[in-house]
Amino acid sequence: MSLLLVQTSALQDGAVAEPVIEKRLIPEGAPWRIPERKMVPEYITIHSTANEAAGADAAAHARLLSRPEGFSSSSKLSRTGYRSWHFTVDDRCSIQHLPTDEQADHADFTGPGNQTSIGIEICVNKDGNLEHTIERTVDLVAFLMKQHRIDLGHVVPHHYWAQPPHGYHKACPAIFMDGSQPGPRWQEFLARVADRFRDQERKNGGSASALRQAGGF
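Here we summarise the structure given alongside this text. (Residues numbered from 1 in each chain as written. Predicted model: local features only at pLDDT ≥ 70, side-chain atom pairs only at ≥ 80, totals over all residues. Heavy atoms only, no water.)

**Quick word on helix 4 (residues 184–203)**
Residue pairs three or four apart in sequence face the same way in an α-helix, which turns once every 3.6 residues.
Okay, so step 1: For helix 4, spanning 20 residues, the distance from its first C-alpha to its last is 29 Å, which sits close to the expected 28 Å at 1.5 Å a residue.
Okay, so step 2: For helix 4, every residue scored as buried is listed here: Trp 186, Phe 189, Leu 190, Arg 192, Val 193, Ala 194, Phe 197, Asp 199, Gln 200 and Glu 201. (Helix = DSSP H or I, 4+ residues; strand = E, 2+ residues; numbered from the N terminus. Expected span 1.5 Å × (residues − 1). Buried < 20%, exposed > 50% of the residue type's maximum accessible area, 1.4 Å probe, protein only.)

**What to know about the state of the cysteines**
Okay, so step 1: Applying the stated rule across the entire model yields 0 disulfides.
Okay, so step 2: With no disulfide of its own, Cys 93 has Cys 123 as its nearest cysteine by sulfur position, at a separation of 8.1 Å.
Okay, so step 3: By relative accessible area, Cys 93 is classed as buried at 18%. (Disulfide = S-S within 2.5 Å.)

**Points about the pattern of salt bridges**
Okay, so step 1: A complete count under the given rule lists 16 salt bridges for this structure.
Okay, so step 2: A salt bridge links Asp 105 to Arg 37, with the nearest nitrogen and oxygen atoms 2.8 Å apart. Remark: Arg 37 occurs in the loop between strand 1 (21–23) and strand 2 (43–48) and Asp 105 occurs in the loop between strand 4 (94–96) and helix 2 (112–116); sequence separation between them is 68 residues. Summarising the burial analysis for this pair, Asp 105 and Arg 37 share the class buried.
Okay, so step 3: Among the ionic pairs, Glu 135 bridges to Arg 192, the shortest N-O distance being 2.5 Å. Taken together, the residues Glu 135 in helix 3 (residues 130–148) and Arg 192 in helix 4 connect sequence positions 57 residues apart.
Okay, so step 4: What makes Glu 135 partly exposed here is its relative accessible area of 26%.
Okay, so step 5: Linked through salt bridges whose partners overlap, the residues forming this network are Glu 131, Glu 135, Asp 139, Glu 188, Arg 192 and Arg 196. (Salt bridge = Lys/Arg side-chain N within 4 Å of Asp/Glu carboxyl O.)

**A word on the sheet that holds strand 2**
Okay, so step 1: Spatially, the 6 strands line up as an open sheet ordered 1-4-3-5-2-6, and their pairing is mixed. Because the sheet does not close on itself, it has two edges, and the strands there are strand 1 and strand 6 (155–157). In this sheet, adjacent strand axes meet at a mean angle of 25° when their direction is disregarded.
Okay, so step 2: The sheet contact formed by strand 2 and strand 6 spans 3 bridges and is parallel. Paired with Thr 45 across the bridge in strand 6 is Val 156.
Okay, so step 3: Sitting on the sheet, helix 3 touches strand 1, strand 2, strand 3 (87–89), strand 4, strand 5 (117–122) and strand 6, and the angle it makes with strand 5 is about 170°. (Pairing = 2+ DSSP bridges. Axes fitted to C-alpha atoms, helices over the stretch in contact; angles between N-to-C directions. Contact = heavy atoms within 4.5 Å.)

**Considerations on the pairing of strand 5**
For a regular strand, the rule is simple: side chains alternate between the two faces of the sheet.
Okay, so step 1: The buried count for strand 5 comes to 6 of 6 residues, which makes it a mostly enclosed element.
Okay, so step 2: Both faces of strand 5 are covered, namely the face carrying Ser 117, Gly 119 and Glu 121 and the face carrying Ile 118, Ile 120 and Ile 122.
Okay, so step 3: Where strand 3 lies against strand 5, 3 bridges are found, and the strand directions are parallel. In the strand pairing of strand 5, Thr 88 is matched with Glu 121.

Below, the structure is given as structure tokens:
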């Protein structure tokens, strides 16, 4: 199933409302969007933008991905010569750039990260509220887990995916790293996602099977 746009609506019986997602898809025909490159999402990959400039919010990144020249990649390993991902989150909104059944170029070039995972970029612009941005990301991740039946154990940092050709692991998302490894803030983020997912399942009458399969929550 491809997630395109989620509207907030009043739900009955105290159910948890779905997050609001603004759809600003990369234009069809852009060389960095290849609709026939389909996927069934198995992972959710978390990045942070590393752009602390004022105004470098989700809307700015949506414009970057949709401009005529795109967002080029300097790596010769890139499949398209461009960068792309599925969602960008800031303290005010979550914006979708690609349907969740299309592959993007955000994780590991020709590797399984690009072929099987939804890419989410967390904004770190200095004029935004990072804590609110992380909270909004928690909402989005828990929702995507439910939509695509993705286990918590398959919510991973960009660091998880080995980079060809030498297999190094990028220190991303920087906001959750402790040196070259995911640190306590990453574990805190996963715990918050687990709590939000559990809350969704409880209030919507489901089960926490995705958490049990991941273990530890």
